[in-house]
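Fold and contact review
Given next are the chains, with one letter for each unit.
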Amino acid sequence: MEKDCIDIDAVLFYCSMTRLRQSYALMMNAGCRLDGAMNFVMDSHIALVGLPGSGKSTIGRYLARRWSVPFVDVDVAIEEQIQCSIREFFAKEGEDRFREVEQDVLAQLLKKPEKMVIATGGGAVLKPENRAQLARHSLVVYLSASPHEIARRLQKDTQRPLLQVGNPLQRLQELHGIRDPLYKEVADFVVAGSGLSATQVAQRVAMQLELGASR
Ligand SMILES: Nc1ncnc2c1ncn2[C@@H]1O[C@H](COP(=O)(O)OP(=O)(O)O)[C@@H](O)[C@H]1O
Ligand SMILES: O=C(O)C1=C[C@@H](OP(=O)(O)O)[C@@H](O)[C@H](O)C1
Ligand SMILES: [Mg+2]
């Protein structure tokens, strides 16, 4: 083994990437806006997972625009299929039936060859089949946010059936307890969003992916 042989190009490349990451992180922390995307080629779908209200739909739309790729919100695709709102469907058919439709729609989307940004529904990770499909066909980003912050964001929400309860914060804490390990299990990256604006979170996700993601 040639143990004294060092690939100087590799070392220099590593150093420059480290500097670039540090500069990028400093700019983010200083609240700089980066409107122009780096030359980022998506070689798989990018799927966002996280609790309802963590920002999957908002941030997914931003990322797709930034990278000029299609954006698909699984909840919207489900509503097109069921021809009514998710809230109505929950009331009429129940959560188990909703989960079956969700599984079907997600699997169809993940099979598409054109690479896109996908905002999943907060409960998509509950089925092991969905976690396996996500891990196989996409790079998964977990947008983590605290139940307290999400409860504040969704104070006026009437569309998320699971949160139409007397104490939405408590429900979010329960959902967090069950789902946080599942989000972490399936995620390639975790981006913590508490205390940040949606734009800041989106830029953090962009930074992570543009500087180092591939599957
Ligand atoms: N980081 C954030 N800071 C503040 N508000 C946010 C943030 N991310 C999302 N929001 C707001 O929270 C609400 C829910 O966001 P949404 O993208 O629909 O979440 P999800 O798709 O994960 O359920 C929206 O009103 C959105 O504008
Ligand atoms: O957490 C959940 O189980 C759900 C989250 C919703 O999507 P968002 O996470 O976009 O709110 C939607 O799929 C449905 O109401 C169920
Ligand atoms: Mg959503």
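The structure presented is a predicted model; accordingly, all values stated were derived computationally and were not measured. (Residues numbered from 1 in each chain as written. Chains lettered and ligands numbered in written order. Predicted model: local features only at pLDDT ≥ 70, side-chain atom pairs only at ≥ 80, totals over all residues. Heavy atoms only, no water.)

Section: the site of ligand 2
Lining the immediate surroundings of ligand 2 are 13 residues, of which K56, D75, R99, R160 and R179 lie closest. Here an oxygen atom of ligand 2 sits 2.7 Å away from a polar atom, N or O, in the side chain of K56. In this structure, R99 approaches ligand 2 through a side-chain N or O atom, which is 2.7 Å from an oxygen atom. Within the complex, 96% of the 380 Å² of free accessible area of ligand 2 lies under protein. (Near = heavy atom within 4 Å. Polar contact = N/O pair within 3.5 Å; in protein donor to acceptor, adjacent residues only side chain to side chain. Areas by Shrake-Rupley, 256 points an atom, 1.4 Å probe, with all protein chains shown as cover.)

Concerning the UniProt feature "binding site: substrate" (unreviewed entry) in the chain
Sites flagged by UniProt as "binding site: substrate" (unreviewed entry) map to D75, R99, G122 and R179. When residues no more than four places from it in sequence are discounted, the contact partners of R99 are F90, G123, A124, L126, K127, L162 and R179. For R179, the position within the fold is in helix α8 (residues 168-186). Residue classification places R179 among the buried positions, given a relative accessible area of 3%. (UniProt positions renumbered as here; feature names shortened; annotations may be inferred. Contact = heavy atoms within 4.5 Å. Helix = DSSP H or I, 4+ residues; strand = E, 2+ residues; numbered from the N terminus. Buried < 20%, exposed > 50% of the residue type's maximum accessible area, 1.4 Å probe, protein only.)

A short note on the UniProt feature "binding site: Mg(2+)" (unreviewed entry) in the chain
Within the UniProt annotation, "binding site: Mg(2+)" (unreviewed entry) is assigned to S57. Residue position: S57 is located in helix α2 (residues 56-67). Contacts of S57, omitting those with residues within four sequence positions, involve F71, D73 and A119.

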